[in-house]
Amino acid sequence: SQQGEEDPQALSIQEGENATMNCSYKTSINNLQWYRQNSGRGLVHLILIRSNEREKHSGRLRVTLDTSKKSSSLLITASRAADTASYFCATGLLSSGTYKYIFGTGTRLKVLA
Amino acid sequence: EAGVAQSPRYKIIEKRQSVAFWCNPISGHATLYWYQQILGQGPKLLIQFQNNGVVDDSQLPKDRFSAERLKGVDSTLKIQPAKLEDSAVYLCASRVQGDREKLFFGSGTQLSVL
């Protein structure tokens, strides 16, 4: 089963615009991560936010976490054509002494040059 | 640092045949995950190893899927017999034990069952 539901499923924007994608999840978590997947490739880690944090920044990425609403958002500022990819949230649950990661359904981002 | 290695990159088989995928995680990574990603969906966890022991295989269809991680390093995932609905990308990921939560993924094996 998938823990995260992402919204929107697909997003198309112009280069230079900001892209925002949202993730909602069902159970308590220890951390939430965002990954990017280019077509036909493996996933690449972008950013991690822990359950006691509300906001993190990394370059053009900004992620927020609202544990009361069980939701997170990823903002990509000043998007580039190279940002075209699928983006997935993954919730980290500490279980039996190790982390289990459950991925969301993903947002397909297309940045038009 | 070398990444997570997976092979083969692509595999085409007919239904009811058997297939095996191989994964070599990053050196020193104790935790290894196998995910199944059907086209247009997010990765679904099949099985998780900690060293050579299974931590979670609750989503693994055990009547046809099996996985092992001998000596706590390389891992193989097998499907026998394959069904049409097994067509997917099979992703292997690894993680350092302890406080480092980031997953490192291989490029995956794309399986087509005809």
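Our subject is the structure that appears above.
Residues numbered from 1 in each chain as written. Chains lettered and ligands numbered in written order. Predicted model: local features only at pLDDT ≥ 70, side-chain atom pairs only at ≥ 80, totals over all residues. Heavy atoms only, no water.

**Q** Describe the interface of chain A and chain B, with residues and values.
**A** In this complex, chain A contributes 21 residues to the contact, which on the side of chain B involves 26 residues. Of all residues in chain A, the largest losses of buried area upon contact with chain B belong to A:T98, A:Y99 and A:Y101, amounting jointly to 27% of the total for that side. Residues B:E101 and A:R50 are paired through a salt bridge, measuring 3.0 Å at the closest nitrogen-oxygen approach. Seen at the junction of chain A and chain B, the total is nine residue pairs in polar contact (both at pLDDT 80 or more). If you list the elements that add at least two residues to the side of chain A that touches chain B, you get β4 (31-37), β5 (43-50) and β10 (98-103) of chain A. A breakdown of the residues in the side of chain A that touches chain B according to their chemical character gives seven nonpolar, 11 polar and three charged. (Contact = heavy atoms within 4.5 Å. Buried area = accessible area lost by both parts, 1.4 Å probe. Salt bridge = Lys/Arg side-chain N within 4 Å of Asp/Glu carboxyl O. Polar contact = N/O pair within 3.5 Å; in protein donor to acceptor, adjacent residues only side chain to side chain. Helix = DSSP H or I, 4+ residues; strand = E, 2+ residues; numbered from the N terminus. Nonpolar A, V, L, I, M, F, W, Y, C, P; charged D, E, K, R; others polar.)

**Q** Please give an account of the state of the cysteines that cites residues and values.
**A** Disulfides are covalent bonds that connect the sulfur atoms of two cysteines. For the coordinates displayed, the defined rule picks out two disulfides over all chains. Across a sulfur-sulfur distance of 2.1 Å, A:C23 and A:C89 are joined as a disulfide pair. Its S-S torsion of approximately 65° makes the covalent link between A:C23 and A:C89 right-handed. Of this pair, A:C23 sits in strand β3 (residues 19-24) while A:C89 sits in strand β9 (residues 85-95), placing them 66 residues apart in sequence. Of the residues examined, A:C23 reaches a relative accessible area of 1% and is grouped as buried. Judged by relative accessible area, A:C89 falls into the buried class, the value being 0%. Here B:C23 connects covalently by a disulfide to B:C92, the sulfurs 1.9 Å from one another. In this structure the cystine formed by B:C23 and B:C92 twists about its S-S bond by roughly -65°; its chirality is therefore left-handed. Taken as a pair, B:C23 in strand β3 (residues 19-24) and B:C92 in strand β9 (residues 88-95) lie far apart in primary sequence, 69 residues in all. (Disulfide = S-S within 2.5 Å. Buried < 20%, exposed > 50% of the residue type's maximum accessible area, 1.4 Å probe, protein only.)

**Q** Quick one: what's the story with the sheet that holds β3(B), residue by residue and with numbers?
**A** Residue and element names in this part refer to chain B. Taking strand neighbours across the sheet as the criterion, the four strands line up as β1-β3-β8-β7 in an open arrangement whose pairing is antiparallel. Both outer strands of the open sheet, β1 (5-7) and β7 (65-68), are each paired with one neighbouring strand and no more. For this sheet the average axis-to-axis angle between neighbouring strands, irrespective of direction, equals 15°. Pairing of β1 with β3 involves three bridges; the strand directions are antiparallel. What sits directly across from Q6, in β3, is C23. (Pairing = 2+ DSSP bridges. Axes fitted to C-alpha atoms, helices over the stretch in contact; angles between N-to-C directions.)

**Q** Break down the pairing of β3(A) for me, citing the residues and quoting the values.
**A** Residue and element names in this part refer to chain A. Across the two faces of β3 the burial differs, with A19, M21 and C23 buried and T20, N22 and S24 not buried at all. Bridge analysis of strand β1 (residues 5-7) against β3 gives three bridges, and the strand direction is antiparallel. Bridge assignment links E5 to a residue of β3, and that residue is S24.

**Q** Pulling in residues and values, what's your account of the environment of B:K62?
**A** Residue and element names in this part refer to chain B. When you line up the elements, K62 lands in the loop between β6 (53-56) and β7. Considering only alpha carbons, one finds K62 and Q80, 18 residues apart in sequence, at a separation of 9.9 Å. Side-chain polar atoms of K62 contact the backbone oxygen of D57, separated by 2.8 Å.

**Q** For the packing of aromatic side chains, give the residues involved together with the corresponding values.
**A** What the rule picks out here adds up to 10 aromatic pairs over all chains. For the ring pair B:Y33 and B:Y35, a centre distance of 6.1 Å and an interplane angle of 25° mean the geometry is stacked. The residues B:Y33 and B:Y35 share a single accessibility class, namely buried. A network of ring pairs unites the aromatic residues A:Y35, A:Y99, A:Y101, A:F103, B:Y33, B:Y35 and B:F105 as a single cluster. (Phe/Tyr/Trp six-rings, centres within 6.5 Å; stacked < 30°, edge-to-face > 60°.)

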